[in-house]
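Report on the structure
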Amino acid sequence: MKSARAKTPRKPTVKKGSQTNLKDPVGVYCRVRPLGFPDQECCIEVINNTTVQLHTPEGYRLNRNGDYKETQYSFKQVFGTHTTQKELFDVVANPLVNDLIHGKNGLLFTYGVTGSGKTHTMTGSPGEGGLLPRCLDMIFNSIGSFQAKRYVFKSNDRNSMDIQCEVDALLERQKREAMPNPKTSSSKRQVDPEFADMITVQEFCKAEEVDEDSVYGVFVSYIEIYNNYIYDLLEEVPFDPIKPKWNSCSTPMRNTDFVPPQSKLLREDKNHNMYVAGCTEVEVKSTEEAFEVFWRGQKKRRIANTHLNRESSRSHSVFNIKLVQAPLDADGDNVLQEKEQITISQLSLVDLAGSERTNRTRAEGSRLREAGNINQSLMTLRTCMDVLRENQMYGTNKMVPYRDSKLTHLFKNYFDGEGKVRMIVCVNPKAEDYEENLQVMRFAEVTQEVEVARPVDKAICGLTPGRRYRNQPRGPVGNEPLVTDVVLQSFPPLPSCEILDINDEQTLPRLIEALEKRHHLRQMMIDEFNKQSNAFKALLQEFDNAVLSKENHMQGKLNEKEKMISGQKLEIERLEKKNKTLEYKIEILEKTTTIYEEDKRNLQQELETQNQKLQRQFSDKRRLEARLQGMVTETTMKWEKECERRVAAKQLEMQNKLWVKDEKLKQLKAIVTEPKTEKPERPSRERDREKVTQRSVSPSPVPLLFQPDQNAPPIRLRHRRSRSAGDRWVDHKPASNMQTETVMQPHVPHAITVSVANEKALAKCEKYMLTHQELASDGEIETKLIKGDIYKTRGGGQSVQFTDIETLKQESPNGSRKRRSSTVAPAQPDGAESEWTDVETRCSVAVEMRAGSQLGPGYQHHAQPKRKKP
């Protein structure tokens with residue numbers, strides 16, 4: 001509106017079925033209301049007849065650079081505070097009425113905030129009739145003498161008209177007059193003084209070139225759109241707007257004397273035009289009658305007192321003027337009884353409810369709900385304008401959301417090319433309405449960029465024009481005398497021709513003299529006529545020559561102009577092609593720019609995502625490093641302790657092995673040094689222990705048991721009672737042990753006998769005993785009972801500390817040693833075979849300790865055996 005656009009708009013597409021591709025933008029006009037007080041602050045200034053400027057009032061926020069923001073908006077025409085209703089009507093509504101009479105539709109609506117003067121512009125005030133009464137006055141001034149009689153045209157419920165002959169129309173008129181309480185004719189009814197000053201128009205206005213060979217009928221209807229519901233304001237139902245008929249929930253109260261108005265539905269006729277089904281259409285014959293119908297519906301319209309306006313419209317009102325036109329027949333006497341020849345045109349005058357902000361109107365309850373519905377319908381209207389403009393400028397095919405609101409759905413056909421559209425933007429220049437006026441200006445800026453296709457001219461019926469007055473006697477126009485009467489009056493009067501006496505000799509001579517004078521005068525007039533005729537012929541011939549020469553001159557100039565026009569057309573076509581090429585290039589560049597911008601945004605988002613990912617990975621790495629450092633430290637300490645424990649265990653194990661080797665060496669030494677002729681004597685363990693104590697710093701883990709000499713007298717064995725007889729024992733008897741035939745057998749009460757030591761048994765007992773069998777040096781089986789205490793370890797397991805060893809041995813009474821040279825010894829516990837043939841064999845047995853040598857003196861189950869102090 002106020003600045004040139006960077007993009008060249010696409011050419012609008014031609015609507016299918018239209019005969020022309022010409023389009024006109026929506027005519028948007030601006031009217032500035034005078035201030036209520038002379039010293040009131042003003043925010044709107046009229047620059048010229050097409051531009052207004054908005055000033056930011058004091059106290060409002062500033063723009064970014066700190067200066068007051070001033071914006072200019074352009075309109076088709078701006079009407080200042082001193083504009084009269086007549087001036088506004090001549091510019092805005094007069095062309096619409098003229099098109100209505102010639103069979104074209106029109107839409108005129110007022111738009112603005114609450115209290116901006118919309119209703120005053122449309123309806124007027126006493127002494128200043130608005131656009132509506134002036135439109136009615138111009139219509140009836142134009143078709144007053146050509147109106148059809150009442151009920152010749154009859155409306156139906158299909159948004160069309162039926163036509164009746166004169167007889168049927170007369171019968172219906174008589175029927176209506178015979179009804180009770182018939183309505184008084186408009187010609188006999190006095191004008192209501194309440195609106196008499198509004199319809200009194202001093203200036204006479206009439207349409208041009210009205211078809212005289214047609215008859216006309218005018219029908220009016222009045223509806224309102226309240227809370228997105230359509231109501232008929234002319235519907236004959238008991239309705240009293242003064243008394244409260246609606247409760248707080250906006251539902252009708254139960255009252256037997258009140259019938260709530262029923263909402264109407266929108267329908268589509270066969271020509272795809274939208275109309276209100278079941279709406280009352282009243283045929284009117286004068287301006288007074290039409291405005292009285294409007295005033296009757298105006299009293300039913302919903303208005304309310306708000307903080308901004310004492311009588312604020314709470315609904316959108318639509319006053320429809322439907323003009324029906326039908327041609328006369330060939331004789332020019334009656335209406336042509338063909339429904340296809342009927343032409344219907346409509347002018348819709350819309351008074352929109354004002355957009356408002358609830359924080360200013362202080363609306364509550366139903367008023368707040370009404371304001372929300374008003375703002376929602378106006379927002380839908382603005383959305384439709386935005387989509388229409390986008391489709392026309394960029395060649396898109398987006399669906400226009402007409403159906404989102406009853407207001408836009410009703411006038412959908414006007415924006416699709418069924419008539420002209422005009423909008424009057426009413427603004428109140430006071431500073432309090434600055435923000436609302438700014439939104440109104442932006443909507444007007446969008447609206448006037450929308451283009452509407454021009455309506456197609458109606459087809460002509462094809463009858464001979466002038467048939468209305470053909471069979472009617474026509475006298476001289478304007479009472480002017482004929483040429484023959486003027487010529488006869490110029491002749492001298494004739495004398496009396498009556499002859500009363502036979503001797504009368506004066507009458508005939510006077511008559512002859514008068515006739516001669518007349519003949520002479522006639523001859524003179526003929527001569528003069530011939531002379532003037534010749535002169536006129538000469539002038540006419542001269543004129544013809546002059547005209548012919550001028551025609552030749554004009555033809556030459558016309559040919560030059562045509563050549564120039566042809567050249568200009570070619571240039572225009574070239575420029576248009578160049579323009580299309582540039583538009584195509586611009587479009588490609590715009591798409592490329594859009595793609596690059598999108599890629600740039602995507603890359604920036606990806607870069608940000610990668611940066612965030614790197615930061616998260618860096619944070620995770622630092623946390624992992626700290627965690628690993630702690631784990632390394634903990635593992636290092638753990639393995640250091642484990643290494644210390646293993647080194648200590650290894651040292652103890654090596655000490656035990658060293659002690660075992662010492663024992664083996666002692667036994668080997670005893671066997672080697674034993675005399676062959678004498679019975680071998682087993683060395684004393686006491687001496688060996690003393691020697692070991694001197695050689696090794698590691699004492700024996702358990703005390704050594706001494707075995708009595710075989711040559712000593714037998715000693716009676718006695719059962720020794722354990723000091724802990726009340727404790728429970730784990731009796732470990734390996735499966736490889738052999739059953740001995742000794743009288744004395746080990747017996748432990750309260751014992752759990754197992755073949756393999758397990759943790760479950762050790763956890764239930766306090767003492768441990770291992771039954772171990774091995775071959776003695778004399779070849780007999782020696783049974784050892786290795787006893788110990790069970791202790792719990794810090795790791796949750798059990799360990800055994802051996803404390804005592806008991807030995808059971810069987811010998812021959814004569815003391816002789818058994819020699820076996822060829823027999824095989826019984827199987828040992830570890831599955832090995834030993835041969836007692838010579839000293840080497842016995843030495844090898846002593847060295848290898850095959851009979852239970854793996855257990856050793858100190859047996860370990862789960863943990864290290866505790867070292868006893870020497």
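Here the structure is a predicted model, which is why all the values come from computation and not from measurement. (Residues numbered from 1 in each chain as written. Predicted model: local features only at pLDDT ≥ 70, side-chain atom pairs only at ≥ 80, totals over all residues. Heavy atoms only, no water.)

1. Some points on the packing of helix H1 (residues 85–101) against helix H3 (residues 131–143)
How two helices sit against one another is set out by the angle between their axes and by the gap between those axes. So the rule is basically this: The axes used here are C-alpha line fits, helices contributing only the stretch in contact, and every angle between their N-to-C directions lies in the interval 0 to 180 degrees. What counts as a helix is a DSSP run of H or I of at least four residues, what counts as a strand is a run of E of at least two, and both are numbered from the N terminus. Angular relationships are summarised with four words: roughly parallel below 35 degrees, roughly antiparallel beyond 145, roughly perpendicular across 65 to 115, and oblique for the angles in between. Less than a right angle of anticlockwise turn of the near helix away from the far helix marks a crossing as left-handed, whereas a clockwise turn marks it as right-handed. Any pair of residues with heavy atoms lying within 4.5 Å of one another is described as a contacting pair. Residue type decides the class: Asp, Glu, Lys and Arg count as charged, Ala, Val, Leu, Ile, Met, Phe, Trp, Tyr, Cys and Pro as nonpolar, and the leftover types, Gly among them, as polar.
One can describe the packing of H1 onto H3 by two numbers: an axis separation of 9 Å at closest approach and a directional angle of 45 degrees. The pairing of H1 with H3 is recorded here as oblique in orientation. The hand of the H1/H3 crossing is right-handed. For the pair H1 and H3, the contacting residues are Gln85, Lys86, Leu88, Phe89, Ala93, Asn94, Val97, Asn98, Leu100 and Ile101 in the first and Leu131, Arg134, Cys135, Met138, Ile139 and Ser142 in the second. Per-class residue counts for the contact of H1 with H3 are ten nonpolar, four polar and two charged.

2. A word on a nonpolar patch on the surface
For clarity, the cut-off: The patch calculation keeps residues exceeding 30% relative accessible area without a salt bridge and links them within 9 Å when they carry like charges or within 5 Å when they are nonpolar (Val, Leu, Ile, Met, Phe, Trp, Tyr). Accessible areas in this description were obtained via Shrake-Rupley with a 1.4 Å probe; residue shielding takes into account the shown protein chains only. We define a salt bridge as a contact between a side-chain nitrogen of Lys or Arg and a carboxyl oxygen of Asp or Glu at a distance within 4 Å. The classification of residues rests on relative accessible area computed with a 1.4 Å probe and restricted to protein chains. Under 20% of the type maximum is buried, over 50% is exposed, and intermediate values are partly exposed.
Together, Ile499, Leu508 and Ile512 make up an exposed nonpolar region whose accessible area comes to about 270 Å². Within the secondary structure layout, leucine 508 lies in helix H13 (residues 507–673). What makes leucine 508 partly exposed here is its relative accessible area of 44%.

3. Comments concerning the pairing of strand E27 (residues 798–809)
Applicable threshold: Any two strands between which DSSP finds at least two bridges are classified as paired.
Examined bridge by bridge, strand E26 (residues 781–792) and E27 share eleven bridges and lie antiparallel to one another. Its bridge partner being in E27, leucine 785 is matched across the sheet by glutamate 806. Turn length for the E26-E27 hairpin, with the two strands adjacent in sequence and antiparallel, is five residues, and the turn residue glycine 796 shows positive phi of about 95 degrees.

4. Overview of the nonpolar core
Stated formally: Nonpolar cores were defined as sets of buried Ala, Val, Leu, Ile, Met, Phe, Trp, Tyr and Cys residues, with membership established by side-chain atoms within 4.5 Å.
Among the nonpolar cores identified, the biggest contains 53 residues, and Phe75, Phe411 and Met441 are the most heavily contacted of them. Core analysis: the next-biggest nonpolar cluster, separate from the first, contains 45 residues, Tyr29, Phe140, Ile143 and Phe319 among them.

5. A few points about the environment of arginine 150
Rule in force here: Counted as a polar contact is a pair of N or O atoms within 3.5 Å, where, for protein atoms, one must be capable of donating a hydrogen and the other of accepting one, and residues adjacent in sequence contribute only when both atoms are in side chains.
Looking at where arginine 150 falls in the secondary structure, it is placed in the loop between H3 and strand E10 (153–155). Looking at arginine 150, the relative accessible area reads 21%, which means it is partly exposed. Between the C-alpha atoms of arginine 150 and alanine 169, which are 19 residues apart in sequence, the distance is 6.9 Å. Residue contacts for arginine 150: discarding those within four places in its chain leaves Ala169, Arg173, Glu283, Lys285 and Glu289. Of note is the side chain of arginine 150, whose polar atom sits 3.4 Å from the side chain of glutamate 289.

6. Details of H3
How we decide: Under the convention used throughout, the expected extent of a helix is 1.5 Å for every residue step, that is, one less than its residue count.
Taking 1.5 Å of rise per residue, the 13 residues of H3 would be expected to cover 18 Å, and the 19 Å separating its terminal C-alpha atoms lies within 8% of that figure. Across the 13 residues of H3, twelve count as buried, placing the element largely inside the fold. The set of residues buried in H3 consists of Leu131, Leu132, Pro133, Arg134, Cys135, Leu136, Asp137, Met138, Ile139, Phe140, Ser142 and Ile143.

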